[in-house]
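Observations on the three-dimensional arrangement
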Amino acid sequence: MEEYSMQANEKISSFYKEIIGAVGENVTREGLLKTPERAAKAMQFLTQGYEQDAEAILRSAMFNESYNEMVIVKDIEIYSLCEHHMLPFYGKAHIAYIPDGKIVGLSKIPRVVDVFARRLQVQERLTEQILDCINNTLNPQGAAVVIEAAHMCMMMRGVQKQNSVTTTSGFRGQFQHNETRNEFLKLIGFRLS
């Protein structure tokens, strides 16, 4: 269930009403009457990650386990807002870790992705925040994150390149060794040259 701060919603709604008027639209037109409120609720939803604690999410489902091979959760959908233009970027995250006595409930990894994606972001920082959270909380033998995303700020405006995809990656521990890193990249379907 979505929850909104009424105080924030009123304030954000008033800003959206001003923006709609400033771009030359009639804010009293029937189709736009409720747009400021809807946009304010959408913005609160899309930035709810500021109110969430990713490390607490991981700690809530950590278990002692002797398994010490690679664990991969791939093709996790990402939807975020570029902090430079406040336009969406979207794609997939592929995350792996090698346990060192602790595993985590698999659903918690996509939740961590959402916590950081639901903030004003750049893809590079998003990659690093997810990686650091998993590495610092689970203390695994290694952790890896690859994100592939399309950015509306490059597609709808600016250079207007509709088929470009940005890839970022980060590796800690055992994933800094070529053999382990290449195994991960192969398992997520990433082409190695």
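Right above here is the structure, for reference.
Nothing here was measured: the structure is a model prediction, and the numbers come from that model.

So, on to the overall build of the chain. Each helix and strand counted, the chain has seven helices and seven strands in total. Beginning at the N terminus, the succession of helices and strands in the chain can be written as α-α-α-β-β-β-β-α-β-α-β-α-β-α. Structurally, the chain occupies a C-alpha span of about 60 × 40 × 20 Å along its principal axes. Each of the 193 residues in the chain was classed as buried or not, and the buried ones make up 38%. Considering only intrachain contacts with a sequence separation of at least 6, the fraction spanning at least 24 residues in the chain is 70%. A total of about 11,500 Å² of accessible surface is found on the chain, and carbon and sulfur atoms cover 49% of it.

This brings us to the environment of Phe 45. Along the chain, the position of Phe 45 falls in helix α2 (residues 35-46). You can call Phe 45 partly exposed: its relative accessible area is 29%. For the pair Phe 45 and Glu 3, spaced 42 residues apart in the sequence, the C-alpha separation amounts to 8.2 Å.

This part covers the pairing of strand β2 (residues 71-82). Looking at chain direction, β2 and strand β3 (residues 88-98) are connected through nine bridges and run antiparallel. Within β3, the residue paired with Leu 81 across the bridge is Pro 88. Here β2 folds back onto β3, and the loop between the two strands holds five residues, one of which, Met 86, carries a positive phi near 55 degrees. Summarising the sheet, β2 and strand β5 (residues 120-121) pair through two bridges and their orientation is parallel.

A word on the packing of aromatic side chains. The geometry of an aromatic ring pair is captured by the separation of the ring centres together with the interplanar angle, meaning the angle of the planes. Across all of its chains, the model carries two aromatic pairs by this definition. Ring centres 6.5 Å apart and planes at 80 degrees place the aromatic pair Phe 171 and Phe 184 in the edge-to-face group. One end of the pair, Phe 171, is in strand β7 (residues 166-173); the other, Phe 184, is in helix α7 (residues 178-187), and 13 residues separate them in sequence. With relative accessibility at 0%, the residue Phe 184 sits in the buried group. Here the guanidinium or amino end of Arg 181 rests over the ring plane of Phe 171, the centre of that ring lying 4.7 Å away.

Another point: the pattern of salt bridges. Between side chains of opposite charge, pairing is possible as soon as their charged atoms come close. The full count for this structure, using the stated rule, is six salt bridges. Ionic pairing is found between Glu 25 and Arg 29, a salt bridge with its closest N-O pair at 3.0 Å. What makes Glu 25 partly exposed here is its relative accessible area of 36%. The closest approach of N and O atoms between Glu 83 and Arg 125, which form a salt bridge, is 3.0 Å. One end of the pair, Glu 83, is in the loop between β2 and β3; the other, Arg 125, is in helix α5 (residues 123-138), with 42 residues separating them in the sequence. By relative accessible area, which is 32% here, Glu 83 ends up partly exposed. Residue classification places Arg 125 among the partly exposed positions, given a relative accessible area of 32%.

Think of a disulfide as a covalent bridge from one cysteine sulfur atom to another cysteine sulfur atom. One pass over the full model with this rule turns up zero disulfides. Not part of a disulfide, Cys 153 finds its nearest cysteine sulfur in Cys 82, a span of 4.1 Å.

Pairing is mixed across the open sheet formed by five strands, whose spatial order is β5-β2-β3-β6-β7. Edge positions in the open sheet fall to β5 and β7, since each of these has one partner strand only. Packed onto the sheet, helix α4 (residues 108-117) meets β2, β3 and β5 and runs at close to 20 degrees relative to β2.

By the secondary structure assignment, Ser 14 is in helix α1 (residues 6-22). Through-space distance from the C-alpha of Ser 14 to that of Pro 36 is 6.9 Å; in sequence the pair is 22 residues apart. Here Lys 11 takes part through its backbone oxygen, which lies 2.7 Å from a polar atom of the side chain of Ser 14.

Definitions and cut-offs
Residue numbering note: each chain is counted from 1, following its sequence as written. At least 70 in pLDDT is required for a residue's local features to be given in this predicted model, at least 80 for side-chain atom pairs to be given and counted, and no such filter applies to totals for whole chains, interfaces and linings, which use all residues. For side-chain calculations, the full set of non-hydrogen atoms in the structure is used, while hydrogens and water are omitted. Helix and strand assignments follow DSSP, with helices taken as H or I runs no shorter than four residues and strands as E runs no shorter than two, numbered in order from the N terminus. Burial classification: accessible surface area is computed with a 1.4 Å probe over protein chains only, and a residue below 20% of its type maximum counts as buried, one above 50% as exposed, and the rest as partly exposed. Working rule for contacts: check all heavy atoms of both residues, and any pair within 4.5 Å makes them a contact. Computed with a 1.4 Å probe, the accessible areas rest on the Shrake-Rupley method; for each residue, only the protein chains presented here act as cover. The rule for pairing is simple: two strands pair if DSSP sees at least two bridges between them. Classification of ring pairs rests on two measures: the distance between centres of Phe, Tyr or Trp rings, Trp counted by its six-membered ring, which must be within 6.5 Å, and the angle between planes, read as stacked under 30 degrees, edge-to-face over 60 and tilted in between. Only when the NZ of Lys or the CZ of Arg is both within 6 Å of the ring centre and within 35 degrees of the ring normal is a charge said to sit over the ring. By definition, a salt bridge exists where a carboxyl oxygen of Asp or Glu is found within 4 Å of a side-chain nitrogen of Lys or Arg. Our working definition of a disulfide is a cysteine sulfur pair at a distance within 2.5 Å. Note on geometry: axes are lines fitted to C-alpha atoms, helical ones only across the stretch in contact, with angles between N-to-C directions running from 0 to 180 degrees. As used in this structure description, the phrase polar contact means that two N or O atoms lie within 3.5 Å; if the pair is within protein, one of them must be able to donate a hydrogen and the other to accept it, and residues adjacent in sequence are counted only when both atoms belong to side chains.

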